[in-house]
Amino acid sequence: MGDKVAADERREIEAAIEDLKEALKGDDKGTIETKTTRLAELSGKIAERAYREAQEQAQAGAQTETKGGDGATREESVVDADFEEIKEKK
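It should be emphasised that the depicted structure is a prediction, and the values quoted were computed from it without experimental measurement.

Calculation criteria
Residues numbered from 1 in each chain as written. Predicted model: local features only at pLDDT ≥ 70, side-chain atom pairs only at ≥ 80, totals over all residues. Heavy atoms only, no water. pLDDT = per-residue confidence, 0-100. Helix = DSSP H or I, 4+ residues; strand = E, 2+ residues; numbered from the N terminus. Salt bridge = Lys/Arg side-chain N within 4 Å of Asp/Glu carboxyl O. Buried < 20%, exposed > 50% of the residue type's maximum accessible area, 1.4 Å probe, protein only. Core = buried A, V, L, I, M, F, W, Y, C linked by side-chain atoms within 4.5 Å. Contact = heavy atoms within 4.5 Å.

### Quick notes on the confidence of the model for the protein chain
No. 1: With 79% of its residues at a pLDDT of 70 or more, the protein chain shows a mean pLDDT of 83.
No. 2: The lowest-confidence element of the protein chain is helix H3 (residues 74–77), averaging 61 in pLDDT; the highest-confidence one is helix H1 (residues 7–25), averaging 94.

Printed below as a string of structure tokens:
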């Protein structure tokens, strides 16, 4: 997933991580909560995009699987035929 994150997003998240690390060195609860919330918002955007892309890929894969080799859907490829069993005489 790291290769799919834009450079500016990566810098923004890395900066938020560093800000949170600095806040954790202190005792100001409000600052820690603010920095944590900011990092959660930024990482949440990436998680949403990853989830959406995974869903799109799954849907595309499912659509591909329903096609037969001739481009027909599986249902169209099924042949409904009657047959008669012929028994050989011994």
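### Quick notes on the pattern of salt bridges
No. 1: Scanning the model with the defined rule gives six salt bridges in all.
No. 2: Across the pair Lys-25 and Glu-22 runs a salt bridge, and its minimum N-O distance is 3.1 Å. Taken together, the residues Lys-25 and Glu-22, both in helix H1 and three residues apart, mark about one turn of the helix.
No. 3: A residue is classified by how much of its surface remains accessible, and Glu-22, at 48% relative accessible area, is partly exposed.

### Topic: the nonpolar core
No. 1: Of all hydrophobic cores here, the largest spans seven residues; its members are Val-5, Ile-13, Ala-16, Leu-20, Leu-39, Leu-42 and Ile-46.
No. 2: Taken together, the elements giving at least two residues each to this core come down to H1 and helix H2 (29–65).
No. 3: The residues touching Val-5, leaving out its near neighbours within four places in the chain, are Arg-10, Ile-46 and Arg-49.

### Remarks on the side chain of Arg-49
No. 1: Mapped onto the elements of the fold, Arg-49 is located in helix H2.
No. 2: For Arg-49, a relative accessible area of 18% corresponds to the buried category.
No. 3: Aside from chain neighbours lying at most four places away, what touches Arg-49 is Lys-4, Val-5 and Glu-9.

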